[in-house]
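Observations on chain architecture
The lines below spell out each chain.
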Amino acid sequence: MRRKIAPTAAADENAEAGDGTVEAVRAPAGDLGGADSMRTEFTFELPRGYVDEAGRVHRSGVMRLATARDELVPLRDDRVRENPAYLSVVLLGRVVERIGSVTDIHAGVIEDLFASDLAFLQDFYRRINAEGHTRAQVTCPSCDTAFAVDLAGGGRLGES
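Heads up: these notes are all about the structure in this document. What you see as residue numbers is a count from 1 along each chain, following the sequence as written. Where local features are concerned, this predicted model is filtered to residues with pLDDT of at least 70; where side-chain atom pairs are given and counted, the filter is 80 or more; whole-chain, interface and lining totals use all residues. Side-chain measures were taken over the full set of non-hydrogen atoms in the model, leaving aside hydrogen atoms and water.

Here helix α4 (residues 87-95) crosses helix α6 (residues 115-131) at 70 degrees, and the two axes come no closer than 11 Å. In terms of their interaxial angle, α4 and α6 are classed as roughly perpendicular. Seen along the crossing, α4 lies across α6 with a hand that is left-handed. In this structure, α4 uses S88, L91, L92 and V95 to contact α6, whose residues at the interface are L118, L121, Q122 and Y125. Residue type decides the class: Asp, Glu, Lys and Arg count as charged, Ala, Val, Leu, Ile, Met, Phe, Trp, Tyr, Cys and Pro as nonpolar, and the leftover types, Gly among them, as polar. The residue makeup of the contact of α4 with α6, split by class, is 6 nonpolar, 2 polar and no charged. In this description, a line fitted to the C-alpha atoms serves as the axis of each element, helices being fitted only across the stretch in contact, and the angle between N-to-C directions of two axes falls anywhere from 0 to 180 degrees. Strands are runs of DSSP state E lasting at least two residues, helices are runs of H or I lasting at least four, and both sets are numbered from the N terminus onward. The cut-offs work like this: below 35 degrees is roughly parallel, past 145 is roughly antiparallel, 65 to 115 is roughly perpendicular, and the gaps in between are oblique. The handedness criterion is simple: a crossing whose near helix is rotated anticlockwise from the far helix by less than a right angle is left-handed, and one whose near helix is rotated clockwise is right-handed. Note on definitions: a residue-residue contact is assigned when non-hydrogen atoms from the two residues lie within 4.5 Å.

Looking now at unusual backbone geometry. Here D144, not a glycine, exhibits a phi torsion of approximately 65 degrees, which is positive. Secondary-structure assignment places D144 in the loop between β4 (135-139) and β5 (146-150).

With that settled, the discussion passes to the environment of V95. Mapped onto the elements, V95 comes out in helix α4. Placed 33 residues apart in sequence, V95 and V62 show a C-alpha to C-alpha distance of 8.7 Å. Once you skip the residues sitting within four places of it in the chain, V95 turns out to touch V62, M63, R64, A66, D70 and Y125.

Pasting the structure below:
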């Protein structure tokens with residue numbers, strides 16, 4: 001899918017800042033592009049990981065930006081009508097493209113995630129779709145220093 005978007009002042013600022021929020025049209029996650037393009041896929045690292053039928057653990061994955069259709073179609077799903085809390089499961093099943101080597105992502109896969117991984121993906125979805133990035137501003141409780149962390153993960157624990 002290719003989408004053209006008009007450059008904006010905010011996009012130009014992001015491109016100049018080099019903070020990764022502006023990427024090539026339908027660019028693979030991590031592939032930086034020009035200021036007249038938009039990032040549509042985001043990589044993540046699950047806190048615990050999805051355990052498949054063979055017992056293999058899959059932690060890294062890709063989530064794409066949600067479309068209006070992604071948010072509307074689940075509202076017609078009978079499982080969501082019976083239990084509105086199921087909305088996030090169906091929605092995540094639509095926008096998560098891959099978890100490890102598993103590419104057939106659907107509500108059943110999302111149901112099998114650990115609760116901490118489901119909570120992580122719900123927050124990740126909100127960040128990339130509402131805020132447009134995966135960074136969070138935090139403050140060290142020991143020295144009171146403020147800094148940004150990337151919630152998408154990818155680095156080893158303890159790295160900054």
